[in-house]
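Letter by letter, the chains look like this.
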Amino acid sequence: QSKKNGRNQLNFFDPNMQRSMSKRASLDAELHRAIDHHEFVLYYQVQVDNWRQAIGAEALIRWQHPELGLITPNDFIYAAEENGLIVPIGLWVLETACQQILAWQDSPLTQHLVLAVNVSARQLKQTDFADQVLNLLKLYPIPTNQLKLEITEGMLLDDIDATIAIMRKLNAVGIRFALDDFGVGYSSLQYLKRLPIEQLKIDRSFVQDLEDDEHDRTIVRTIVSMAHSLGLDVIAEGVENELQLRLLRNKGCVHFQGYLFGKPVDIRQFNALLM
Ligand code: C2E
Ligand code: MG
Ligand code: MG
Ligand code: MG
């Protein structure tokens, strides 16, 4: 009764907001359930060199929802980052990735592949993140140079010293880092100077219009030459066609990822792709 006409707090929310809040609450609850019921899967997208040979893959999480089907990370990672579930989810991703790298050791077709795993700020900032990874390495004795961690620049803004310390601890055992979505965050050059990273991933937004946008061509050329001058490897994301590939090569890029070489697929399809 009082909810309908009184000064109940609920009345201060408009109906849309209430709806989106309860939607959000149920998303949080569903994510909890998804962890308990093992509803996450990893997809793998191939990364290639200048000769189109597979050099590795990026692991991309999917949520196999019992009613809604396959859900892509853009629809749930932000929520998991906010409610903290990204920590257990991210640990599952890392463990699954380590298992996969270990399984790849069994075949000469796959035993050289480097697997790149996306790591959220919230994960990386846990004080025991490095120890968690080191523990996984005890369970899964993989060549550590075959695990790469992708971080994004925007997420590191606060407490960069603590983050660098964690990264160095992992560097010390051979794990390398890539800076994802390079060029779209803040303070790129500050990060570039300070972070112990090994690779830049040129964001897809610069690759997309390479054909028509002279400025994008200039930006890509500049990123590649700066990266190489700093001794960093570069990979272009989101390569969809031959023209983009040609333009990227022309700017000095030699590592690529995108639909042109393969969409993210489940492990069975991925391994089949290499046969
Ligand atoms: P990202 O790390 O930048 O991954 C690249 C995204 O671009 C992937 O989207 C991939 O499917 C898509 N992509 C690759 N090649 C092409 C292309 O040629 N054209 C187009 N249009 N798209 C392409 P996806 O799988 O939906 O993942 C989105 C984002 O979700 C990722 O962006 C990453 O930031 C995040 N993410 C994915 N998996 C994880 C995870 O395990 N943990 C965390 N924390 N974040 C994840
Ligand atoms: Mg990534
Ligand atoms: Mg990216
Ligand atoms: Mg992205």
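- Per an unreviewed UniProt entry, the chain carries the name EAL domain-containing protein and comes from Undibacterium seohonense.

1. A short note on the coordination of the magnesium ion (ligand 2)
- Around the magnesium ion (ligand 2), the donor atoms from the protein are Glu58 (OE), Asn118 (OD1), Glu150 (OE) and Asp180 (OD), and they sit 2.0 to 2.2 Å away.
- Coordination of the magnesium ion (ligand 2) draws on donor residues from a single chain, spaced E-x59-N-x31-E-x29-D in sequence.
- In this structure the magnesium ion (ligand 3) is found 4.0 Å away from the magnesium ion (ligand 2), and Asp180 serves as a bridging donor for the pair. Taken together, the positions of Glu58 in strand E2 (residues 54–65) and Asn118 in strand E4 (residues 114–118) put the pair 60 residues apart, joining distant regions of the chain.
- Note on Glu58: relative accessible area 4%, which makes it buried.

2. What about the site of ligand 1?
- Lining the immediate environment of ligand 1, one finds 22 residues, of which Arg62, Ser120, Asp180, Glu240 and Tyr259 sit closest.
- Contact distances for ligand 1 include 2.8 Å between an oxygen atom and a side-chain N or O atom of Arg62.
- Between ligand 1 and the protein, one listed contact pairs an oxygen atom with a side-chain N or O atom of Asn118 at 2.9 Å.
- Contact with the protein chains covers 85% of the free accessible surface of ligand 1, which is 800 Å².
- Mapped onto the shell around ligand 1, the elements with two or more residues apiece are E2, helix H4 (86–104) and strand E6 (176–182).
- Per-class residue counts for the shell around ligand 1 are eight nonpolar, six polar and eight charged.

Thresholds, definitions, all that
- Numbering of residues begins from 1 in every chain and follows the order in which that chain's sequence is written.
- Just so you know, chain letters begin at A and ligand numbers begin at 1, following the order they were written in.
- Restriction of local features to residues with pLDDT of at least 70 applies here, the model being predicted, together with a cutoff of 80 or more for giving and counting side-chain atom pairs; totals for whole chains, interfaces and linings are based on all residues.
- Remark: hydrogens and water are excluded; side-chain values derive from all non-hydrogen atoms of the structure.
- Counted as coordinating are nitrogen, oxygen and sulfur atoms within 2.8 Å of the metal, or 3.2 Å for Na, K and Ca, while water is not included, which may make sites look incomplete.
- Numbered from the N terminus, helices here are DSSP runs of H or I no shorter than four residues, and strands are runs of E no shorter than two.
- Remark: exposure states derive from per-residue accessible area (1.4 Å probe, protein chains only) relative to the maximum for the residue type, with buried under 20%, exposed over 50%, and partly exposed in between.
- Whether a residue is near a molecule or strand is decided by its heavy atoms; if any one of them lies within 4 Å of it, the residue is near.
- Polar contact is the term for a pair of N or O atoms within 3.5 Å; when the atoms are in protein, one must be able to donate a hydrogen and the other to accept it, and sequence-neighboring residues count only if both atoms are side-chain atoms.
- Methods summary: accessible areas were calculated by the Shrake-Rupley approach with a probe of 1.4 Å, and residue burial reflects only the protein chains presented.
- Gly is placed with the polar residues, together with every amino acid not listed as nonpolar (Ala, Val, Leu, Ile, Met, Phe, Trp, Tyr, Cys and Pro) or charged (Asp, Glu, Lys and Arg).

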